[in-house]
Structure formats: structure tokens, C-alpha cells
Amino acid sequence: MLRRPAVLWLTVLVAFLIVVGMWPAAIAPITLATTGLAAVLATIPGPVYLLAGVIAWLKYRPQPKPATA
């Protein structure tokens, strides 16, 4: 165990400053990608998504099992 608590607190402070300082730079690409995706999705009207969902459901809907005697 550390005999000097000041060393421990200094280590925690340095780690905190590294995490806080690096976080905005690390999250920036993810934020930009999600913003771009939201902008692309916003350009397509809602009824188009609804129509695409209905078409996909009609194409891939579950078929009833044939009756067996």
C-alpha cells in the first residue's frame, strides 16, 4: 500500500485530467457519424419508411403451416 496519500491523489488527478481531456476528442467521430446519419434519415419523408416497411412485411411475412390430417 502507498505510504504517501499525496502520490495516490496526484495519480488520480492526472488520470482524471487525461480522461476528461481525451473524451471530447474520442467521442467526436461517433457524434459526427450519428449526426450525419440523422441528417440522411431526415431527408426521406416518413410515409416512404412506412411504405417500405409494409412492402418488406408483405414480401417476408410468415407463411401459415399447411394443415395436416
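Residues numbered from 1 in each chain as written. Predicted model: local features only at pLDDT ≥ 70, side-chain atom pairs only at ≥ 80, totals over all residues. Heavy atoms only, no water.

**With respect to the overall build of the chain**
Here is step 1 of the chain: When helices and strands are tallied, the chain shows two helices and zero strands.
Here is step 2 of the chain: Taking 11 Å as the expected radius of gyration for a compact globule of 69 residues, we find that the chain reaches 27 Å, considerably beyond that expectation.
Here is step 3 of the chain: Its C-alpha atoms put the chain at 80 × 45 × 10 Å along the principal axes.
Here is step 4 of the chain: Residues counted as buried form 0% of the 69 residues belonging to the chain.
Here is step 5 of the chain: Here the chain has roughly 6700 Å² of accessible surface; of this, 78% comes from carbon and sulfur atoms. (Helix = DSSP H or I, 4+ residues; strand = E, 2+ residues; numbered from the N terminus. Rg over C-alpha atoms; globule rule 2.2 N^0.38 Å. Buried < 20%, exposed > 50% of the residue type's maximum accessible area, 1.4 Å probe, protein only. Areas by Shrake-Rupley, 256 points an atom, 1.4 Å probe, with all protein chains shown as cover.)

**Thoughts on the environment of Thr-35**
Here is step 1 of the chain: The topology assignment puts Thr-35 in helix 1 (residues 5-43).
Here is step 2 of the chain: The spacing of Thr-35 and Trp-23 is 12 residues in sequence and 18 Å in space, taken between C-alpha atoms.

**Digging into the environment of Ala-38**
Here is step 1 of the chain: With respect to the secondary-structure elements, Ala-38 resides in helix 1.
Here is step 2 of the chain: Since its relative accessible area comes to 45%, Ala-38 is described here as partly exposed.

**Focus: a nonpolar patch on the surface**
Here is step 1 of the chain: Where nonpolar side chains cluster on the molecular surface, the patch consists of Leu-10, Leu-13, Val-14, Phe-16, Leu-17, Ile-18, Val-20 and Met-22 and spans about 780 Å² of accessible area.
Here is step 2 of the chain: Position of Phe-16 relative to the elements: it lies in helix 1. (Patch = residues over 30% accessible without salt bridge, like charges linked within 9 Å, V, L, I, M, F, W, Y side chains within 5 Å. Salt bridge = Lys/Arg side-chain N within 4 Å of Asp/Glu carboxyl O.)

Nothing here speaks to function; it is all geometry.
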